[in-house]
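Here is what each chain is made of, one letter per residue.
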Amino acid sequence: MTGATTSQTFHTAIVPAAGLGTRFLPTTKAVPKELLPVVDTPGIELVASEAAAAGAKRLVIVTSPGKESVVKYFEARPELEKTLEAKGKTALLEKVRRGPGLIEVEVAIQEQALGLGHAVAQAEPNLTPEDEAVAVLLPDDLVLPTGVLDRMAAVRAEHGGSVLCAFDIPKEQISPYGVFDVTDTGDADVKRVHGMVEKPKPEDAPSTFAAAGRYLLDRAIFDALKRITPGSGGELQLTDAVALLIAEGHPVHIVVHRGGRHDLGNPGGFLRAAVDFALEDPEYGPSLRAWLSERIGEDRA
């Protein structure tokens, strides 16, 4: 039995998707980055599937003016479905229905790009009194295998407060990340957080545990977001709001995820994810593996 059924502590997931996708220009002039397909499934659907599998009932997509198609992706297309059904294209029909059938999707608009904390704050009006905690999933991060939100929910059920996902990164590679200052608990993969350092030199890093794009945040985060001041780049940083909660005695823990990760936020990481997913696909995998072996062999020749 999964954590979603035994220790469910959230029902709403927030996905910040208001960015301009500048690293994918010129494509993102017309197509939002979140709709670019990893093989045949947009990144936004992969993240929505992860949230739904963890028990979320609602997905609030925070987007910017002009990116309405990200939300429209989850709307049903009856005429298209009717056409596919009439032509007997059952497999395609299932794919078309998959996104709209995953989860209830709502939209919140971020009018200006004022940081991740500001983006998350835009979703507060979408919440209900029952939302004592919310999950935040960054769509650029694919955390594999899925299931870390279940573990995070179990940790919140035990310790309360907020729970973040972390990866254990070799110290010499730690500088590009936000790094947690932690102490141990009775579980080797659960740590109590006392602070966070952004992009430290390896010798200054307080640990080797780096932030990943999954958060399970107590409702108190929205009050904290109202009380922080703009930080780096003049933006409201989500980590500053978490730091404020820690300073006020709010319990914050990390779950160290021992799986893999793909960064869909840049073309290089996106290509790795596409290759990884395609190699596992029964339709595309065998021929792609053979072609890659041949292609790499040519380079070595």
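The name an unreviewed UniProt entry gives the protein is UTP--glucose-1-phosphate uridylyltransferase, with Amycolatopsis samaneae as the organism. What the UniProt record of the protein gives under Catalytic activity (unreviewed entry) is the line "alpha-D-glucose 1-phosphate + UTP + H(+) = UDP-alpha-D-glucose + diphosphate". UniProt annotates the protein under Sequence similarities (unreviewed entry) with the comment "Belongs to the UDPGP type 2 family."

Caption draft 1: Summary view of the overall build of the protein. Each helix and strand in the protein was counted, giving 11 helices and 13 strands. Computed over the C-alpha atoms, the radius of gyration of the protein is 20 Å, within 12% of the 19 Å expected from 2.2 N^0.38 for a compact globule of 301 residues. Considering only C-alpha atoms, the protein reaches an extent of 60 × 55 × 45 Å along its principal axes. Sequence separation of 24 or more characterises 75% of the internal contacts of the protein that already satisfy a separation of 6 or more. Approximately 14900 Å² of the protein is accessible, and the part contributed by carbon and sulfur atoms is 54%. If the 31 positive side-chain charges of the protein are averaged to one point and the 43 negative ones to another, these points end up 3 Å apart.

Caption draft 2: Molecular detail of the packing of aromatic side chains. Applying the stated rule across the entire model yields two aromatic pairs. Between Phe-24 and Phe-270, the aromatic rings sit 5.8 Å apart at their centres with planes inclined by 75°, giving edge-to-face as the arrangement. Within this pair, whereas Phe-24 is found in the loop between β1 (12-16) and β2 (37-38), its partner Phe-270 is found in helix α10 (residues 267-280), the two being separated by 246 residues in sequence. Pairing Tyr-73 with Phe-74 gives two aromatic rings, centres 5.3 Å apart and planes at 90°, and the pair type is edge-to-face.

Caption draft 3: Here's a closer look at the environment of Ala-113. Relative to the helices and strands, Ala-113 is located in the loop between β5 (104-109) and α6 (116-121). Relative accessible area serves as the criterion here: at 68%, Ala-113 is assigned to the exposed category. Sequence separation of Ala-113 and Glu-235 is 122 residues, and the distance between their C-alpha atoms is 8.1 Å.

Caption draft 4: Region of the structure containing the nonpolar core. Counting 46 residues, the largest nonpolar core has Leu-59, Ile-61, Leu-137, Met-152 and Leu-216 as the members making the most contacts within it. Apart from residues lying up to four places away in sequence, Leu-137 is in contact with Ala-13, Ile-14, Val-15, Pro-16, Val-47, Glu-50, Ala-51, Leu-149, Gly-213 and Arg-214. Ranked by size, the runner-up nonpolar core spans 34 residues in total, among them Ala-123, Ala-224, Leu-236 and Ala-241.

Caption draft 5: Inspection of the pattern of salt bridges at higher detail. For the structure shown, the criterion picks out 18 salt bridges. Between Arg-98 and Glu-45 there is a salt bridge, with its nearest N and O atoms 2.4 Å apart. Residue Arg-98 is found in helix α5 (residues 90-98), and its partner Glu-45 is found in helix α2 (residues 43-53); the two are separated by 53 residues along the sequence. Judged by its relative accessible area of 33%, Arg-98 falls in the partly exposed class. The residue Lys-191 makes a salt bridge to Asp-184 at a minimum N-O spacing of 2.8 Å. Using a relative accessible area of 9% as the deciding quantity, one classes Lys-191 as buried. One network of salt bridges, with partners in common, ties together Arg-58, Glu-106 and Asp-131.

Caption draft 6: Representation of the UniProt feature "domain: Nucleotidyl transferase" (unreviewed entry) in the protein. Listed under "domain: Nucleotidyl transferase" (unreviewed entry) in the UniProt record, and renumbered for this structure, are residues 13-276. Helix and strand shares over residues 13-276 are 30% and 27% respectively, and the end C-alpha atoms of the span are 26 Å apart.

Caption draft 7: Geometry of the packing of helix α4 (residues 78-86) against α5. Closest axis-to-axis distance for the α4/α5 pair is 9 Å, and the angle between their directions is 160°. In terms of axis orientation, α4 runs roughly antiparallel to α5. Handedness of the crossing formed by α4 with α5: left-handed. Packed against α4, whose contacting residues are Leu-80, Glu-81, Leu-84 and Glu-85, the element α5 presents Leu-92, Leu-93, Val-96 and Arg-97 at the interface. Of the residues belonging to the contact of α4 with α5, the class tally is five nonpolar, no polar and three charged.

Each value, and the rule that gives it
Per chain, residue numbering runs from 1 following the sequence as it is written. Two thresholds apply to this predicted model, a pLDDT of at least 70 for residue-level local features and 80 or more for giving and counting side-chain atom pairs, whereas whole-chain, interface and lining totals are computed over all residues. Heavy atoms throughout the structure, all of them, feed into the side-chain values; hydrogens and water do not. UniProt positions are given in the numbering used here, feature names are shortened, and annotations may be inferred rather than shown by experiment. Put simply, DSSP marks the helices as runs of H or I at least four residues long and the strands as runs of E at least two long, and each gets a number from the N terminus on. Each radius of gyration reported is based on C-alpha atoms, and the globular scaling rule is 2.2 Å times the count of residues to the power 0.38. By the convention used here, residues are in contact when the closest approach between their heavy atoms is within 4.5 Å. Surface exposure here means Shrake-Rupley accessible area, sampled with a 1.4 Å probe, where a residue is shielded only by the protein chains that are shown. Note on charges: Lys and Arg go in the positive column, Asp and Glu in the negative column, and His and the chain ends are not counted at all. Every charge is mapped onto a representative atom, which is NZ of Lys, CZ of Arg, CG of Asp or CD of Glu. Aromatic contacts are taken between Phe, Tyr and Trp rings whose centres are within 6.5 Å, Trp giving its six-membered ring; a plane angle under 30 degrees counts as stacked, one over 60 as edge-to-face, and the others as tilted. Each residue is placed in one exposure class: buried if its accessible area under a 1.4 Å probe, protein chains only, is under 20% of its type's maximum, exposed if it is over 50%, and partly exposed if it falls in between. Nine residue types can take part in a nonpolar core, namely buried Ala, Val, Leu, Ile, Met, Phe, Trp, Tyr and Cys, and a core is a set of them joined through side-chain atoms within 4.5 Å. A side-chain nitrogen of Lys or Arg and a carboxyl oxygen of Asp or Glu constitute a salt bridge if their distance falls within 4 Å. Comment: axis = line fitted to C-alpha atoms, over the contacting stretch for helices; angle = value between 0 and 180 degrees taken between N-to-C directions. In what follows, roughly perpendicular refers to angles from 65 to 115 degrees, roughly parallel to angles under 35, roughly antiparallel to angles over 145, and oblique to any angle outside these ranges. Crossings are assigned a handedness: left-handed for a near helix turned anticlockwise from the far helix by less than a right angle, right-handed for a clockwise turn. The classification used treats Ala, Val, Leu, Ile, Met, Phe, Trp, Tyr, Cys and Pro as nonpolar, Asp, Glu, Lys and Arg as charged, and all other residues, Gly among them, as polar.

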